Amino acid sequence: MSFINYASREINCKVVYYGPGLCGKTTNLQFIYAKTNPDLKGKMISLATETERTLFFDFLPLALGQIRGFKTRFHLYTVPGQVFYDASRKLILKGVDGVVFVADSQMERMEANIESLDNLRVNLGEQGYDLAKVPYVIQYNKRDLPNAASLEEMQRLLNPSGAPEYEACATVGKGVFETLKAVAKGVLTDLKKMAR
Amino acid sequence: MPFVDTQLVLFDEDYRKVLGVCERLARDAHSKGVFVVDKNGQLMAEAGDLRGLDTTSLASLTAGCIAATGGLAKIIGEEEFPIHFHQGQRDNLHMTVVAKRIILVVIFDERSSLGLVRLRVKKAGAELARVFEEIQKKSERARNGATSPFAEITDDDIDKLFAD
Ligand SMILES: Nc1nc2c(ncn2[C@@H]2O[C@H](COP(=O)(O)OP(=O)(O)OP(=O)(O)O)[C@@H](O)[C@H]2O)c(=O)[nH]1
Ligand SMILES: [Mg+2]
């Protein structure tokens, strides 16, 4: 959950990138890290296996600028996508303010996308969150691959409720910042609603 | 009944109280540094002379560590492991969970001892627990009241953040 610090005039929000193994969550953060001005970012931490699979999480702190005299900081986390790391995913979701679901566009990963999205719903539910109410955007990643499913099919299977959605190719950064902006905007809009 | 945490709001006067406890602890325990981190990985206060340390990373990893061992605790039927001690070649790290949502971190070397740190942390932890009880109450009130600076923000303010 967000944390408002009047002493340092900062607001901190937590965004989690979710999705099946190898869908490109870590690649999203790496691109954001590479393209962000050094003054606006902290160190990126990756707790990964020898083969670069996320083991626990990636973490990237970002400063987005000021709103009403408050520095807005976003802490971006990725979860490990491999199915058997579910206990770790639950821990990382704690206190989340916004979620990005990164889907793998490859046809043969559609089952994995659906399973991971279900898993997200369940894990949020266990903490009393409802995916329909949490600031949430979906990214269709790996649009560059020849075996990518059609956009219509992905929308039908993964986004029937019409959440904000972005096509992406995270390796070259296409769609990465659009996704980040959309979720950040969702989080801030939610804060405003909560304050009412 | 699932539990959704409330948003934490830290006001100046409470921050000064937290900082006061940290500074006293850093001194009394002869430690190199004291940090107060919330369980979600956000740094709330620090004291001591470990300047230049990457405190954002420290906070996030502390929270990750406590979350992971908390998960382990549940597997064996414990609610949590409230005290952690990591011994290094030169520096040691002591972590305590306070009031279920705050982590008190002390870094110390041979100028102090585990016994002394434990003793001082116990007292400081009790004080922090009282302060955070207050903070929690105020946070809940702030959530319901008009004190949030975000009640007034407009879509325009949000758009401006992403102007580039
Ligand atoms: N062609 C293509 N490859 C991509 C794209 N995004 C990521 N990849 C590749 O997919 C592989 C996995 O990417 P990661 O970012 O490590 O995947 P992850 O979602 O973090 O995976 P886990 O940590 O196991 O959950 C890497 O080799 C990336 O280079 C993309 O848009 N197009
Ligand atoms: Mg990863």
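Refer to the structure presented above.
What you see is a predicted model, and the numbers here were worked out from it, not measured in a lab. (Residues numbered from 1 in each chain as written. Chains lettered and ligands numbered in written order. Predicted model: local features only at pLDDT ≥ 70, side-chain atom pairs only at ≥ 80, totals over all residues. Heavy atoms only, no water.)

Some points on the coordination of the magnesium ion (ligand 2)
As a benchmark, a tetrahedral metal site with four donors has ideal angles of 109.5 degrees, while an octahedral site with six donors has ideal angles of 90 or 180 degrees.
All names here are of chain A.
At step 1: Around the magnesium ion (ligand 2), the protein contributes the donor atoms Thr26 (OG1) and Thr54 (OG1), which lie 2.0 Å from the metal centre. One end of the pair, Thr26, is in helix H1 (residues 25-35); the other, Thr54, is in strand S4 (residues 54-67), and 28 residues separate them in sequence.
At step 2: The class of Thr26 is buried, set by a relative accessible area of 17%.
At step 3: Here Thr54 falls in the buried class, since its relative accessible area comes to 9%. (Donors = N, O, S within 2.8 Å, 3.2 Å for Na, K, Ca; no water. Helix = DSSP H or I, 4+ residues; strand = E, 2+ residues; numbered from the N terminus. Buried < 20%, exposed > 50% of the residue type's maximum accessible area, 1.4 Å probe, protein only.)

Some thoughts on the packing of helix H2 (residues 86-93) of chain A against helix H3 (residues 110-126) of chain A
All names here are of chain A.
At step 1: Following both chains from N to C, one finds H2 and H3 inclined at 55°, their axes separated by 10 Å at the closest point. One way to sum up the angle between H2 and H3 is to call them oblique. Considering how the two elements wind past one another, H2 and H3 form a crossing that is right-handed. Between H2 and H3, the residues in contact are Asp86, Arg89, Lys90 and Leu93 and Asn119, Leu120, Asn123, Leu124 and Glu126, respectively.
At step 2: Of the residues in the contact of H2 with H3, the class split is 3 nonpolar, 2 polar and 4 charged. (Axes fitted to C-alpha atoms, helices over the stretch in contact; angles between N-to-C directions. Parallel < 35°, antiparallel > 145°, perpendicular 65-115°, else oblique. Left-handed = near helix turned anticlockwise from the far one by under 90°. Contact = heavy atoms within 4.5 Å. Nonpolar A, V, L, I, M, F, W, Y, C, P; charged D, E, K, R; others polar.)

Digging into the packing of aromatic side chains
At step 1: Counting across every chain of the model gives 8 aromatic pairs over all chains.
At step 2: Pairing A:Tyr6 with B:Phe11 gives two aromatic rings, centres 4.5 Å apart and planes at 20°, and the pair type is stacked. Here the residue A:Tyr6 occupies a position in the loop between strand S1 (3-5) and strand S2 (10-18), and B:Phe11 occupies one in the loop between strand S1 (8-10) and helix H1 (12-28), the pair thus bridging two chains. Both residues of the pair, A:Tyr6 and B:Phe11, count as buried.
At step 3: Three or more aromatic residues link up through ring pairs in this structure, and these residues are A:Phe56, A:Phe57, A:Phe59 and A:Tyr77.
At step 4: Positioned over the ring face of A:Tyr33 is A:Lys41, at 4.1 Å from the centre of the ring. (Phe/Tyr/Trp six-rings, centres within 6.5 Å; stacked < 30°, edge-to-face > 60°. Lys NZ or Arg CZ within 6 Å of the ring centre and 35° of its normal.)

Remarks on the site of ligand 1
Residues and elements named next belong to chain A.
At step 1: Around ligand 1, a shell composed of 19 residues is seen, among which Lys25, Thr26, Thr27, Arg53 and Gly81 lie nearest.
At step 2: Contacts to ligand 1 include Thr26, whose side-chain N or O atom sits 2.8 Å from an oxygen atom.
At step 3: Taking Lys142, its main chain carries an N or O atom lying 3.3 Å from an oxygen atom of ligand 1.
At step 4: Contact with the protein chains removes 80% of the 660 Å² of surface that ligand 1 exposes when unbound.
At step 5: Per element, the largest residue contribution to the shell around ligand 1 is 3 residues, and it comes from H1.
At step 6: Residue classes in the shell around ligand 1 are distributed as 7 nonpolar, 8 polar and 4 charged. (Near = heavy atom within 4 Å. Polar contact = N/O pair within 3.5 Å; in protein donor to acceptor, adjacent residues only side chain to side chain. Areas by Shrake-Rupley, 256 points an atom, 1.4 Å probe, with all protein chains shown as cover.)

Some thoughts on unusual backbone geometry
Residues and elements named next belong to chain A.
At step 1: A positive phi angle, near 50°, is found at Arg9, a position not held by glycine.
At step 2: Looking at where Arg9 falls in the secondary structure, it is placed in the loop between S1 and S2.
At step 3: The exposure class of Arg9 is partly exposed, given its relative accessible area of 39%.
At step 4: The phi dihedral of Arg68 is positive, around 50°, even though this residue is not glycine.
At step 5: Among the secondary structure elements, Arg68 is positioned in the loop between S4 and strand S5 (70-78).

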